[in-house]
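Working through the structure, step by step
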Amino acid sequence: MSLQTTTISGVLVARLQGELDHHAVEKIREDIEQTVQQEGINRLVLSFADIHFMDSSGIGLVLGRLRTIQALGGKMALCEVQNSLQKIFEMSGILKVLKLFPSEQEAIEYVRGE
């Protein structure tokens, strides 16, 4: 599991890669939280383009980051989710509180309010 982050127009884009399981979640959570705090960011996009497996700890990761971003008065979105993962998101109810976009650019525009 790896994480690549970049800031685009004030939006932290976190590109997740590999398997998102309980072994990887803690490090990813710490990395995202640290970047949010250090850079004063309150807009986050999580890209799942390179995630093909996720267990329930991935749901916790997403919901925890949502709470953080909302507490800062910001917005968050998900993008590039594989069909198998989209079913997990639908069943968990995450898509009732977060928007899902087919592309990273669309998600960035949404959280920026464009």
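Report on the accompanying structure. All residue numbers refer to positions counted from 1 along the written sequence of the respective chain. Totals for whole chains, interfaces and linings use every residue, but because this is a predicted model, local features are given only for residues with pLDDT of at least 70 and side-chain atom pairs only at 80 or more, for both listing and counting. Computation of side-chain values covers all heavy atoms of the structure but excludes hydrogens and water.

1. Observations regarding the overall build of the chain
- By definition, any uninterrupted DSSP run of H or I lasting at least four residues is a helix, any uninterrupted run of E lasting at least two residues is a strand, and each is numbered from the N terminus. For the chain, the count of helices and strands is four helices and five strands.
- Ordered by position in the sequence, the α and β elements of the chain form the string β-β-α-β-α-β-α-β-α.
- Relative to the globule expectation of 13 Å for 114 residues, the C-alpha radius of gyration of the chain, 13 Å, shows essentially globular dimensions.
- Out of the 114 residues in the chain, the part that is buried amounts to 42%. Atoms counted for the radius of gyration: C-alpha only. Globule rule: 2.2 Å times the number of residues to the power 0.38. Only protein chains enter the calculation, and the probe is 1.4 Å; a residue is then buried if its accessible area is under 20% of its type maximum, exposed if over 50%, and partly exposed in between.

2. Examining helix H1 (residues 22-39)
- Every helix has an expected span of 1.5 Å times one less than the residues it contains. For H1, with 18 residues, the first-to-last C-alpha span of 26 Å sits near the 26 Å given by 1.5 Å per residue.
- Along H1, the residues classified as buried are Ala24, Val25, Ile28, Ile32, Glu33, Thr35 and Val36. Along the long axis of H1, the arc covered by the buried residues comes to 160°, so they all point the same way. Exposed residues on H1 whose side chains face more than 90 degrees from its buried face are His23, Lys27, Gln37 and Gln38.
- Buried residues along H1 sit in contact with strand S1 (2-8), strand S2 (11-20), strand S3 (43-54) and helix H2 (56-71).
- Where H1 ends, the next residue or the one after it, Gly40, has phi of about 60°, a positive value. Directions from the helix axis toward the C-beta atoms define the arc. Should any heavy atoms of two residues lie within 4.5 Å, those residues are considered in contact.

3. Considerations on the side chain of Ser57
- Looking at the secondary structure, you find Ser57 in helix H2.
- For Ser57, the residues in contact, after removing those within four places along its chain, are Leu20, Asp21, His22 and Val25.

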